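Listed below are the residues making up each chain.
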Amino acid sequence: MRHFKKNMLALGAGLAMAQSAAADWAPNKAEMATLPPYCAARFDERSAAFQTWKSTMGGDFIHVHHYCAGLNFVNRARGMASAKDRLGVLGAAVKNFDYILTHTQPDFYLRADALMNRGIAMSMLQKPGEAVGNLRQAIEMNPRLPRAYMTLADLYDQQKNRGKALETVTAGLRHNPDAKSLQRRYTELGGKLPYPVPIEPAAAAPAKADEVAAPAAAEPAVAAPVAATPAAEPAAAPKIGSPTNPYCRFCPD
């Protein structure tokens with residue numbers, strides 16, 4: 001009987017720890033309000049919104065909770081006073097963005113955003129090399145991401161390369177002429193008015209009757225980013241899911 005009670009107490013403690021980890025991982029109500037609307041839908045599979053977003057994003061929507069978790073971890077890290085906890089939470093963010101990049105199709109709706117936010121997390125981890133690489137990949141994939149240009153320009157400015165920073169913001173304004181943040185940064189970096197001329201969408205040339213259209217080249221798949229190297233004794237990232245897949249709460253083994 002004594003052993004039974006001891007085992008039950010141990011089981012209860014284990015369940016409490018698991019529930020605590022899940023609670024720490026999942027966005028609370030206030031955090032969820034700061035995330036994109038598809039995040040709340042993904043966490044409520046019985047809702048009509050879940051089906052709507054799944055139809056919009058396709059089959060890869062099933063993985064989008066990793067992207068939402070990554071965003072939430074980055075948001076949490078900004079308000080953390082403890083450097084050790086901050087490193088652990090940012091490491092968890094990177095792992096979730098990596099999951100998206102390795103488990104979704106190359107044309108997934110949020111792939112460029114995942115690269116951009118991975119770059120932001122890497123810049124917060126003081127890893128400018130990886131940050132620059134991720135941000136440039138994101139911009140190449142989707143040039144209409146003002147925040148990617150802003151973060152990349154800030155990294156160049158921190159490296160005392162204001163010319164490259166201005167060049168980056170200039171390119172960003174050509175693709176995003178109405179972005180107030182880019183306009184402000186452009187003048188701060190010494191850009192001259194008027195603002196850069198926006199890039200006009202290329203008009204498709206009419207095909208000649210006697211020409212056979214060449215097949216379109218397939219887009220290359222984006223290589224999975226290198227996982228962040230953990231700092232010495234980082235705060236352990238909250239684990240969820242099964243032993244074989246601890247970072248996916250909703251995915252099968």
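Residues numbered from 1 in each chain as written. Predicted model: local features only at pLDDT ≥ 70, side-chain atom pairs only at ≥ 80, totals over all residues. Heavy atoms only, no water.

1. A look at the overall build of the chain
Phase 1: Counting its secondary structure elements, the chain contains eleven helices and zero strands.
Phase 2: Beginning at the N terminus, the succession of helices and strands in the chain can be written as α-α-α-α-α-α-α-α-α-α-α.
Phase 3: Burial statistics for the chain: of 253 residues in total, 40% are counted as buried.
Phase 4: Counted over contacts in the chain with a minimum sequence separation of 6, partners at least 24 positions apart contribute 56%. (Helix = DSSP H or I, 4+ residues; strand = E, 2+ residues; numbered from the N terminus. Buried < 20%, exposed > 50% of the residue type's maximum accessible area, 1.4 Å probe, protein only. Contact = heavy atoms within 4.5 Å.)

2. Section: the state of the cysteines
Phase 1: Under the counting rule described, the total for this entry stands at one disulfide.
Phase 2: Here Cys39 pairs with Cys68 through a disulfide, and the sulfurs are 2.1 Å apart. Because the torsion about its S-S bond is -90°, the bridge between Cys39 and Cys68 counts as left-handed. Residue Cys39 is located in helix H3 (residues 37-42), and its partner Cys68 is located in helix H5 (residues 64-78); the two are separated by 29 residues in the primary sequence. With respect to class, Cys39 is no different from Cys68; both count as buried. (Disulfide = S-S within 2.5 Å.)

3. Some points on the pattern of salt bridges
Phase 1: Using the criterion set out here, one finds nine salt bridges in the structure.
Phase 2: A salt bridge links Glu31 to Arg76; the shortest N-O distance between them is 2.8 Å. With Glu31 in helix H2 (residues 29-34) and Arg76 in helix H5, this pair connects stretches of sequence that are 45 residues apart.
Phase 3: The partner of Arg185 in a salt bridge is Asp157, with the nearest N and O atoms 2.9 Å apart. Of this pair, Arg185 sits in helix H11 (residues 180-188) while Asp157 sits in helix H9 (residues 146-158), and the two are 28 residues apart along the sequence.
Phase 4: We classify Arg185 as buried; its relative accessible area is 11%.
Phase 5: If you follow the salt bridges from partner to partner, you end up with Asp154, Asp157, Arg162, Arg185 and Glu188 in one network. (Salt bridge = Lys/Arg side-chain N within 4 Å of Asp/Glu carboxyl O.)

4. Brief notes about the nonpolar core
Phase 1: Among the nonpolar cores identified, the biggest contains 55 residues, and Tyr38 and Tyr67 are the most heavily contacted of them.
Phase 2: Both domains that furnish three or more residues to this core are identified here as domain 1 (26-142) and domain 2 (143-202).
Phase 3: Sequence-distant contacts of Tyr67, defined by excluding residues within four places in its chain, comprise Tyr38, Phe97, Ile100, Leu110, Asp113, Ala114 and Asn117. (Core = buried A, V, L, I, M, F, W, Y, C linked by side-chain atoms within 4.5 Å. Domains from an automatic or database assignment.)

5. A word on the packing of aromatic side chains
Phase 1: Per the stated rule, a full pass over the model turns up four aromatic pairs.
Phase 2: Ring centres 5.8 Å apart and planes at 65° place the aromatic pair Tyr186 and Tyr195 in the edge-to-face group.
Phase 3: A relative accessible area of 33% places Tyr195 in the partly exposed class. (Phe/Tyr/Trp six-rings, centres within 6.5 Å; stacked < 30°, edge-to-face > 60°.)

6. A few points about the confidence of the model for the chain
Phase 1: Scored by pLDDT, the chain has a mean of 79; 70% of the residues are at 70 or more.
Phase 2: The low-confidence segment residues 3-23, where pLDDT is below 50, has four contacts with residues more than four positions distant or belonging to other chains.
Phase 3: In the predicted structure, residues 249-253 sits below a pLDDT of 50 and forms 18 contacts with residues beyond four places in sequence or in another chain. (pLDDT = per-residue confidence, 0-100.)

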